[in-house]
Amino acid sequence: MRLPITVVLTLSLASVVCAAPDLYTMTDLGPGLGYGINSRGDVVGLNQATHDTFVIPYGGTATSLGQISFDTADINDAGHVVGSYPDTYWEDASSAWLWLGESLLRLTDAGYSRAWEMNNHDQVVGRFSTSAGLHAFVWSALGGMVDLGTLGGSGSVAYGLNDAGEVVGMAMDAEDVPRMFRWSPNTGMVDLGATTGIAYDLNEVGQIVAFGSTPAGYGTVIYQNGVFQRLPLPNFTPRRINNAGVVIGTIGLTTPMVWDAVHGTRRMNNIIDPATNPGIVVRELCDINDRGDIVGYGIKTSDGTRHIVLLTGDTPDTTPPVISDLVADPGTLWPPRDDLRQVTVSYNVTDDRDPAPTASIASITCNQTLDEGDATILDAHQVTLRATR
């Protein structure tokens, strides 16, 4: 008898597709400073004129948190907000707080503290005062405030964390030289091995963006698996990195920058579609989500006021690739001699976004029982099949 064969193909697409667009589209979200953006595109900001803190849902209108002079730092996917009150309205130099939707939770006792970032588990990192000086901290509802310590020096600060609870920042060593560190509950604080510098953020795949003097040279770097990669000039101070490896930051206080593996280092104001710019010069980029949406603020040239800007690129890729011209050669295993025969599976793969999509053979199914060794996948186009009755 002839044995029908069905080959199932599973697609694997390159992750660098649309990591960053050629041009960004600008949306003016109104007066204020934009601090954070979550995966949905919700933005948290502060109106400097009214000292009001608000959240702008993606595609919606601003909703006030009812908090005055709340120096916001970040927003997570639950819509929770973290930041710090300055001393203008409070007795402390600064106090880290967490907004949980209906209540405001103070993270530290009396004394200085400042929050920098939070993750989707409501863990918060920043810096707070201890009897030994200003130290980096990670806070959670379960563990409370955890002092991350130093590398033997006078102080430390935590700037970024991911959903795995890994933390990065700067800690002084025994000679009071600032060093990049990564911290986790299992390893504690680990020096990344740079001569000097600060680690600002890390993503879910373990890439850390930093600035300093490293084995790869002085400047903006990405660290991963023990290796430093120096980003092309000009150097800029990084702020955030998303899971596609796109980095945002600034040169000085007024020149926002963006880097990705496809385009390299670019000045943001040079890559905004002029048809979408309502007359705003971007001054700072503060956060980026995994969709590539960026939030920050700029100066409106007509009146000099600061406005929150949302910078977006291409829409998400929701159309799957297409397999065509699928042919198995030979198409029939005949005559059956109980021997293994090589079959070549040819096909074409196209995608409306990816210029070079890839595919592989994931499994082989048959209308009769297959014994071990009857069917073997060799590579993306080759299999061996036993010709038997």
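Sequence positions are assigned chain by chain, starting from 1 and proceeding in written order. For this predicted model, a pLDDT threshold of at least 70 governs which residues receive local features, and a threshold of 80 or more governs which side-chain atom pairs are given and counted, while totals over whole chains, interfaces and linings are taken from all residues. Only hydrogens and water are set aside; all other atoms, that is, all heavy atoms of the structure, feed into the side-chain values.

*Asks:* Please give an account of the sheet that holds strand S29 (residues 306-312) that cites residues and values.
*Replies:* What makes two strands pair is DSSP finding at least two bridges between them. Segments assigned H or I by DSSP are reported as helices when at least four residues long, segments assigned E as strands when at least two residues long, and all are numbered from the N terminus. Overall, antiparallel pairing links the four strands, which are arranged S2-S29-S28-S27 in an open sheet. Pairing within the sheet leaves two strands with one partner each, and these edge strands are strand S2 (25-31) and strand S27 (280-288). Ignoring which end each strand starts from, the neighbouring axes of this sheet average 30 degrees apart. Across seven bridges, the pairing between S27 and strand S28 (residues 294-300) is antiparallel. When the bridges of S28 are listed, glutamate 284 appears paired with tyrosine 297. Only C-alpha atoms enter the line fits that serve as axes; for helices the fit covers just the stretch in contact. Angles between N-to-C directions range over 0 to 180 degrees.

*Asks:* Outline the pattern of salt bridges, listing residues and values.
*Replies:* One side-chain nitrogen of Lys or Arg within 4 Å of one carboxyl oxygen of Asp or Glu is enough to make a salt bridge. If you walk through the whole model with that rule in mind, you get 10 salt bridges. With a closest N to O distance of 3.6 Å, aspartate 260 and arginine 266 form a salt bridge. The burial state of aspartate 260 is the same as that of arginine 266; both residues are buried. Arginine 341 is the salt-bridge partner of aspartate 339, the closest N and O atoms lying 3.1 Å from each other. Partly exposed describes any residue whose relative accessible area lies between the buried limit of under 20% and the exposed limit of over 50%, with all areas from a 1.4 Å probe on protein chains only and scaled to the type maximum.

*Asks:* So what about unusual backbone geometry? Which residues, and what values?
*Replies:* Following leucine 233, the chain continues into proline 234 via a peptide bond in cis, with omega recorded as 0 degrees. Assignment of secondary structure puts proline 234 in the loop between strand S22 (227-230) and strand S23 (237-241). With phi around 60 degrees, aspartate 176 is a residue other than glycine that occupies positive phi space. Mapped onto the elements, aspartate 176 comes out in the loop between strand S16 (167-173) and strand S17 (178-184). Overall, aspartate 176 belongs to the partly exposed group, its relative accessible area being 39%. Residues other than glycine seldom take positive phi values, yet aspartate 338 does so here, at roughly 60 degrees. Take aspartate 338: it is sitting in the loop between strand S30 (322-329) and strand S31 (339-350).

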